[in-house]
Amino acid sequence: MSIETLTAAVRNIPDFPIKGIQFKDITTLFQSPTHLKELSDILYERYKGKGITKVVGIESRGFFLGPELAIRLNAGFVPIRKPGKLPYKVIEEKYTKEYGEDAIQIHEDALSEDDVVLIHDDLLATGGTMVAAHKLVKKMKVKKIYINFLIELEALNGRALFPNDVELDTILKFEI
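Below: a short report on this structure. Fair warning: this is a prediction, and the values are worked out from it, not measured in the lab.

Next up on the list: the pairing of strand β7 (residues 116-124). With respect to burial, β7 is a largely interior element, eight of its nine residues being buried. Of the pairings in the sheet, the one linking strand β3 (residues 54-58) to β7 comprises four bridges and is parallel in character. What sits directly across from Val55, in β7, is Leu118. The handedness of the β7 to strand β8 (residues 144-153) crossover, carried by helix α5 (residues 128-139), is right-handed.

Time to look at helix α4 (residues 62-72). Residues Gly62, Leu65, Gly66, Leu69 and Ala70 constitute the buried set of α4. Seen from one end, α4 has its buried residues packed into an arc of 140°, which puts them on one side. For α4, the secondary structure elements touched by its buried residues are α2 (27-31), α3 (33-47), β3, β4 (76-80), β7 and β8. Note on α4: the residue one or two positions beyond its end, Asn74, has a positive phi of about 55°.

Looking now at the environment of Phe23. The residue Phe23 is located in strand β2 (residues 22-25) in this model. Sequence separation between Phe23 and Thr96 is 73 residues; the distance between their C-alpha atoms is 20 Å. Residues contacting Phe23, with those up to four places away along its chain left out, are Arg11, Asn12, Ile13, Phe16 and Arg61.

For the rest of this paragraph, the subject is the nonpolar core. Ranked by internal contacts, the top residues of the largest apolar core, which has 27 residues, are Leu29, Leu39, Ile52, Leu150, Ile151 and Leu172. For this core, the secondary-structure elements that each account for two or more residues are α1 (3-9), α2, α3, α4, β7, β8 and β9 (167-174). Look past the residues within four positions of Leu172 in its chain and what remains in contact with it is Ile3, Leu6, Thr7, Val10, Leu29, Leu150, Ile151 and Glu152. Ranked by size, the runner-up nonpolar core spans 26 residues in total, among them Val78, Ile106, Met140 and Phe162.

In this section: α3. Taking 1.5 Å per residue as the helical rise, α3 with its 15 residues ought to reach 21 Å, and the 21 Å between its terminal C-alpha atoms agrees with that figure. Those residues of α3 that fall on the buried side of the exposure criterion are His35, Leu39, Ser40, Ile42, Leu43 and Tyr47. Down the axis of α3, the sector holding all buried residues measures 160°, keeping them to one side. Facing away from the buried side of α3 by more than 90 degrees, the exposed set consists of Pro33 and Lys37.

With that out of the way, let us pick up the sheet that holds β8. Across the sheet, which stays open at both edges, the five strands sit in the order β4-β3-β7-β8-β9 with parallel pairing between neighbours. Looking at which strands have only one partner, the edges of the open sheet turn out to be β4 and β9. Within this sheet the neighbouring strands show an average axis-to-axis angle of 20°, counted without direction.

Okay, the packing of α3 against α4 next. At their nearest, the axes of α3 and α4 sit 10 Å apart, and the two run at 55° to each other. Judged on the interaxial angle alone, α4 and α3 are oblique. As for how α3 packs across α4, the hand of that crossing is right-handed. Contact with α3, carried on its side by Leu36, Leu39, Ser40, Asp41, Leu43 and Tyr44, involves Leu65, Glu68, Leu69 and Arg72 of α4 and no other residues of that element. Here the contact of α3 with α4 is built from residues that sort into six nonpolar, one polar and three charged.

Reading guide: rules and limits
Residues numbered from 1 in each chain as written. Predicted model: local features only at pLDDT ≥ 70, side-chain atom pairs only at ≥ 80, totals over all residues. Heavy atoms only, no water. Buried < 20%, exposed > 50% of the residue type's maximum accessible area, 1.4 Å probe, protein only. Helix = DSSP H or I, 4+ residues; strand = E, 2+ residues; numbered from the N terminus. Pairing = 2+ DSSP bridges. Right-handed = clockwise from strand over helix to strand, strands pointing away. Arc of directions from axis to C-beta. Contact = heavy atoms within 4.5 Å. Core = buried A, V, L, I, M, F, W, Y, C linked by side-chain atoms within 4.5 Å. Expected span 1.5 Å × (residues − 1). Axes fitted to C-alpha atoms, helices over the stretch in contact; angles between N-to-C directions. Parallel < 35°, antiparallel > 145°, perpendicular 65-115°, else oblique. Left-handed = near helix turned anticlockwise from the far one by under 90°. Nonpolar A, V, L, I, M, F, W, Y, C, P; charged D, E, K, R; others polar.

Encoded structure:
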């Protein structure tokens, strides 16, 4: 299978969730056991041997492949969630989105200075949520942070928001 085959399997939904947005529907990738296995294999091959101790998934689509990748890497899985969803003490990072302000949280004891972290999510568009996640994880003084997305919308240039020392990788690329 090829990246082109995976790219072609992503369904485009015009005007969702609001007019003017071209939503990239990845459920089509997850419905196919062949596509799902290929995505899992690609992620594993890119991150094996990097010493990752925790995979951090961003609510909610970072929860799709994040835990499976953590299992394959023999790492733990840590959720980053919206406010009020985590039961223990949290630290929070606020950020601005295209249509307002939001926040994300992580348990205050979820990561340590010994951790090598891969932050995983589905889509890099304008980058706001992942920038906030990166800041949140960085506050915990981990050894190293990697960032991964399944899809990147290159025309929105979200990649430019991240420091040069962060290894950021995407599997599938779309202009918009």
